[in-house]
Amino acid sequence: MLGNRIRDLRKERGLTLRQLAARIEVTPGLLSQIENGATDPSLTTIRKLAGAFGTSLAEMFSDDAPAVHVTRPGHRPQLRRSNGHLLYDRLTPGRGDLEVLLGQLAPGEATCDEPWGHASTECALVLEGTITVEVGGGTYTLDKGESVTFDSRLPHRYVNTGNRPAEFVVSVTPPNP
């Protein structure tokens, strides 16, 4: 689905594979593989694509969402870091009003290298392990069952500062890159 959406957006904007690849600093071969569904793009690549298309991260996943949407483990769209590690399972369809993600981080991993912001409100709930949320220059350590809500225009990121894998749910409204 995502590969088709990327191809459609690229063609709507009159871009060739080579032109778009140059804009987002990937090879045309990788972009072709993404469009054909042979490989999944990293979250960093999806963000770059959204920027190149002048759209939001949510728009990259937009689809004709049903009135009732069920997801099951092992069958959810996934977002990965550029190193290939799983970052998020998408729990909601691309309707543009709400994004809910199931995040997983190994000890020492972070959702991104540096905190960054986007125009939304964000809420995270820790399901397992310990997550440190860096937001607006502050640091908030959350254990299982604890949550945080913040204006995600403030630069932020999630870091697993514990010694075991962490799992957490992130809700973002409205979804933005």
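For the protein chain, an unreviewed UniProt entry supplies the name Cupin domain-containing protein and the organism Prauserella endophytica.

Our focus in this paragraph is the overall build of the protein chain. Broken down by element type, the protein chain carries 5 helices and 9 strands. In sequence order, the secondary structure elements of the protein chain are arranged as α-α-α-α-α-β-β-β-β-β-β-β-β-β. By the compact-globule yardstick of 16 Å for 177 residues, the protein chain fits well, its C-alpha radius of gyration being 16 Å. Principal-axis analysis of the C-alpha atoms gives the protein chain an extent of 45 × 35 × 30 Å. Relative to its full complement of 177 residues, the protein chain shows a buried share of 44%. A separation of at least 24 residues holds for 65% of the contacts in the protein chain among residues at least 6 apart in sequence. Accessible area for the protein chain stands at about 9,000 Å²; split by element, carbon and sulfur atoms hold 49% of it. Across the protein chain, the mean location of the 19 positive side-chain charges is 6 Å away from that of the 21 negative side-chain charges.

To continue, consider the environment of Thr16. Inspection of the secondary structure assignment puts Thr16 in the loop between helix 1 (2–12) and helix 2 (17–24). Residue class for Thr16 comes out partly exposed when judged on its relative accessible area of 40%. When the C-alpha positions of Thr16 and Gly129 are compared, they lie 44 Å apart, and in sequence the two are 113 residues distant.

Looking now at the packing of aromatic side chains. Under the criterion given, the structure shown has 2 aromatic pairs. With centroids separated by 6.1 Å and ring planes inclined at 75°, the aromatic side chains of Tyr88 and Phe168 adopt a geometry described as edge-to-face. Of the two residues, Tyr88 is situated in strand 2 (residues 86–90) and Phe168 in strand 9 (residues 166–173); the sequence distance between them amounts to 80 residues. Neither residue differs from the other here; Tyr88 and Phe168 are each classed as buried.

This paragraph deals with helix 2. Each α-helix winds once per 3.6 residues, and so residues spaced three or four apart point in a common direction. When we look at burial in helix 2, the residues that qualify are Leu20, Ala21 and Ile24. Looking straight down helix 2, one finds its buried side chains confined to an arc of 100°; they lie on one side. Within helix 2, the exposed residues directed more than 90 degrees away from the buried face are Arg18, Ala22 and Arg23. Buried residues belonging to helix 2 abut helix 1, helix 3 (28–35) and helix 4 (43–53).

Of the two faces of strand 7 (residues 147–151), only one is covered, namely that formed by Val148 and Phe150; the face formed by Ser147, Thr149 and Asp151 stays uncovered. Where strand 4 (residues 121–128) lies against strand 7, 5 bridges are found, and the strand directions are antiparallel. Residue Ala124 lies in a different strand from strand 7, and its bridge partner there is Val148.

Definitions and limits used
Residue indices begin from 1 for each chain and proceed along its sequence in written order. This being a predicted model, a pLDDT of at least 70 is required before a residue's local features are given, and a value of 80 or more before pairs of side-chain atoms are given or counted; all residues contribute to the totals for chains, interfaces and linings. Where side-chain values are given, they derive from all heavy atoms of the structure, hydrogens and water being excluded. Numbered from the N terminus, helices here are DSSP runs of H or I no shorter than four residues, and strands are runs of E no shorter than two. With the radius of gyration taken over C-alpha atoms, the globule rule is written as 2.2 Å times the number of residues to the power 0.38. Think of it in three bands: with a 1.4 Å probe and only protein chains considered, a residue is buried below 20% of the maximum accessible area for its type, exposed above 50%, and partly exposed in between. Residue contacts are defined here by distance: any two heavy atoms, one from each residue, within 4.5 Å place the two residues in contact. Computed with a 1.4 Å probe, the accessible areas rest on the Shrake-Rupley method; for each residue, only the protein chains presented here act as cover. Positive residues here are Lys and Arg, negative ones are Asp and Glu, while His and the chain termini are left out of the count. For this purpose, a charge sits on NZ of Lys, CZ of Arg, CG of Asp or CD of Glu. Between the rings of Phe, Tyr and Trp (Trp by its six-membered ring), a pair exists once the centres lie within 6.5 Å; its type follows the angle of the planes, with under 30 degrees stacked, over 60 edge-to-face, and the other angles tilted. What the arc describes is the spread of directions from the helix axis to the C-beta atoms. Paired strands, as defined in this entry, are two strands with at least two bridges between them according to DSSP.

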